[in-house]
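Remarks on the overall topology
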Amino acid sequence: MDKPTSGDFTKTAGWMDWYTGPSKPRFQLPAGAVDAHCHVFGPGTEFPYAPERKYTPCDASKHQLYALRDHLGFARNVVVQATCHGADNRALVDALVNSGGMARGVATVKRSVTDQEIQAMHDAGVRGVRFNFVKRLVDFTPKDELMEIAGRIQKWGWHVVIYFEAVDLPELWDFFTALPTTVVVDHMGRPDVSLPVDGPQFALFQKFMREHSNVWSKVSCPERLSVTGPKALSGEQNAYQDVIPFAQRIVQEFPDRVLWGTDWPHPNLKDHMPDDGLLVDFIPHIAPTAELQKKLLVDNPMRLYWPEEG
Ligand SMILES: O=C(O)c1cc(C(=O)O)oc(=O)c1
């Protein structure tokens, strides 16, 4: 693969670039597998980063994303608007319309978005909006504004993707459970995996999914959640052991409402940048049977993002 660039922008101090030369996964993905959480960054010279961004990344173009898709053995992508692009969805839309129909997307919009703009994004392949509650990534948006957006996008059959920290779930509960659409949680709601999997924090997340059949979860980002590793580097086939019980629990209890994605190009990692091939090798640890793997990687993302093919 190419090397990451950064154009005219200066990357945030300590920024970790995505991993070049990922290994070929040993785990053979099922035919038609979808990488249901990944991003494009810029390139900044073509699609400038948003003035209100909280970080400046290296570039990560659609060409580089689709090269990774082919290398790892995925068939399709769901590209999620990254916060460094704010509510300017041009880089996302450009990636979608240049995917030959093999990518769909999740946008970020403001209350001022028009129906025509929503329709144009829909035509490009957008199927959801992302609401972000992680304080280091975004400024606060009032909940009534988000609820209004959720109400409007229903007309297009879109869903809402939510990103939050586990400690904030109690405070966000009433808002999340009032959302009228399918709701997809990014990265399992970021559990603290140093706490017991049977403890109150993760129990609340399971209750959230159990009591609300419209709630789905991405069982992604072990590299972000892991405290003790080992890291997905240097051929490690047993990476992120501490995350496995959490992700496996969700896959087993809610096999029809889970998604998986690489999270490439892995914004804001501080410790190490994983080898994406080894991240794919993590999947059978959390979805141990062929049946669970097919639901996680093919059936569920296809039902949510390409329902017309079902
Ligand atoms: O934890 C993060 O830093 C992070 C950031 C973003 C984004 O900036 O959009 O997306 C993610 O999925 C994860």
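This text follows the structure it describes.
The sections below set out a description of the structure shown in this document. This one's a predicted model, so the numbers in the text were calculated from it and none came from an experiment. (Residues numbered from 1 in each chain as written. Predicted model: local features only at pLDDT ≥ 70, side-chain atom pairs only at ≥ 80, totals over all residues. Heavy atoms only, no water.)

1. Here's the deal with the nonpolar core
Counting 102 residues, the largest nonpolar core has Phe131 and Ile162 as its most contacted members. Per element, the largest residue contribution to this core is 7 residues, and it comes from helix H10 (residues 290–305). In contact with Phe131, not counting residues within four places along its chain, are Leu146, Ile149, Ala150, Val160, Val161, Ile162, Tyr163, Phe175 and Leu179. (Core = buried A, V, L, I, M, F, W, Y, C linked by side-chain atoms within 4.5 Å. Buried < 20%, exposed > 50% of the residue type's maximum accessible area, 1.4 Å probe, protein only. Helix = DSSP H or I, 4+ residues; strand = E, 2+ residues; numbered from the N terminus. Contact = heavy atoms within 4.5 Å.)

2. What about the sheet that holds strand S8 (residues 258–259)?
Reading across from one edge, S1-S2-S3-S4-S5-S6-S7-S8 is the order of the 8 strands in this open sheet, with parallel pairing throughout. The open sheet is flanked by strand S1 (34–38) and S8, the only strands paired with a single partner. Sheet topology note: the strand S3 (residues 103–107)/strand S4 (residues 126–132) ladder contains 3 bridges and is parallel. Note on S4: the bridge partner recorded for Gly105 is Val126. (Pairing = 2+ DSSP bridges.)

3. Focus on the site of the ligand
For the ligand, the set of nearby residues contains 16 residues, the closest of which are Tyr55, Thr83, Arg130, Arg136 and Tyr163. A distance of 2.9 Å separates an oxygen atom of the ligand from a polar atom in the side chain of His37. With respect to the ligand, the side chain of His39 contributes an N or O atom lying 3.3 Å from an oxygen atom. A majority-of-atoms criterion places the ligand in the largest cavity. (Near = heavy atom within 4 Å. Polar contact = N/O pair within 3.5 Å; in protein donor to acceptor, adjacent residues only side chain to side chain. 1 Å grid on protein atoms, 1.4 Å probe; cavity = no way out; pocket = protein on both sides within 12 Å on 5 of 7 lines; lining within 4 Å. Sits in = over half its atoms within 2 Å of the grid points.)

4. Things to note about helix H3 (residues 115–124)
Of the residues making up H3, those classed as buried are Ile118, Met121, His122 and Ala124. Here the buried residues of H3 occupy an arc of 160° about the axis, which is enough to place them on one side. Opposite the buried face of H3, at more than 90 degrees from it, the exposed residues are Gln116 and Asp123. Looking at the residues trailing H3, positive phi occurs at Gly125, about 120°. (Arc of directions from axis to C-beta.)

5. Quick word on empty space enclosed by the protein
Using the criterion set out here, one finds 2 cavities of 30 Å³ or more in the structure. For the largest cavity, the calculated volume is near 110 Å³. Lining the largest cavity are 14 residues, and of these His39, Arg130, Leu137, Tyr163 and Pro267 sit closest to its centre. As a volume, the second largest cavity reaches approximately 50 Å³. If you trace the second largest cavity, you find it lined by Phe164, Ala166, Leu169, Met188, Gly189, Pro191, Gln201, Phe202 and Phe205. Tallied by class, residues from the lining of the second largest cavity come to 7 nonpolar, 2 polar and no charged. (Points joined across faces, edges and corners; volume = space filled by probe spheres on them. Nonpolar A, V, L, I, M, F, W, Y, C, P; charged D, E, K, R; others polar.)

6. What to know about the layout of surface pockets
The method is simple in principle: a probe with the dimensions of a water molecule rolls over the atoms, and the space it marks as empty is what remains. Roughly 650 Å³ of volume is contained in the largest pocket. Forming the boundary of the largest pocket are 28 residues, of which Asn132, Val138, Asp139, Phe140 and Thr141 lie nearest the centre. Those elements giving two or more residues to the lining of the largest pocket turn out to be S4, helix H4 (143–153) and helix H5 (169–178). Among the elements that line the lining of the largest pocket, the one with the most residues is H4, at 4 residues. Classifying every residue of the lining of the largest pocket by side-chain character gives 11 nonpolar, 6 polar and 11 charged.

7. Considering the pattern of salt bridges
In the structure shown here, the tally under the stated rule is 23 salt bridges. Note that Arg190 and Glu165 form a salt bridge whose closest N and O atoms lie 3.1 Å from each other. Of this pair, Arg190 sits in the loop between strand S6 (183–185) and helix H6 (200–211) while Glu165 is found in the loop between strand S5 (159–163) and H5, placing the two residues 25 residues apart along the sequence. Judged by its relative accessible area of 15%, Arg190 falls in the buried class. Of the charged contacts, one joins Arg249 and Asp198 as a salt bridge, the two residues approaching to 2.9 Å between their closest N and O atoms. Of this pair, Arg249 sits in helix H8 (residues 244–253) while Asp198 is found in the loop between S6 and H6, placing the two residues 51 residues apart along the sequence. Among the residues examined, Arg249 registers a relative accessible area of 26% and is labelled partly exposed. Each of the salt bridges in this network shares a partner with another, and the network as a whole consists of Arg111, Asp144 and Glu148. (Salt bridge = Lys/Arg side-chain N within 4 Å of Asp/Glu carboxyl O.)

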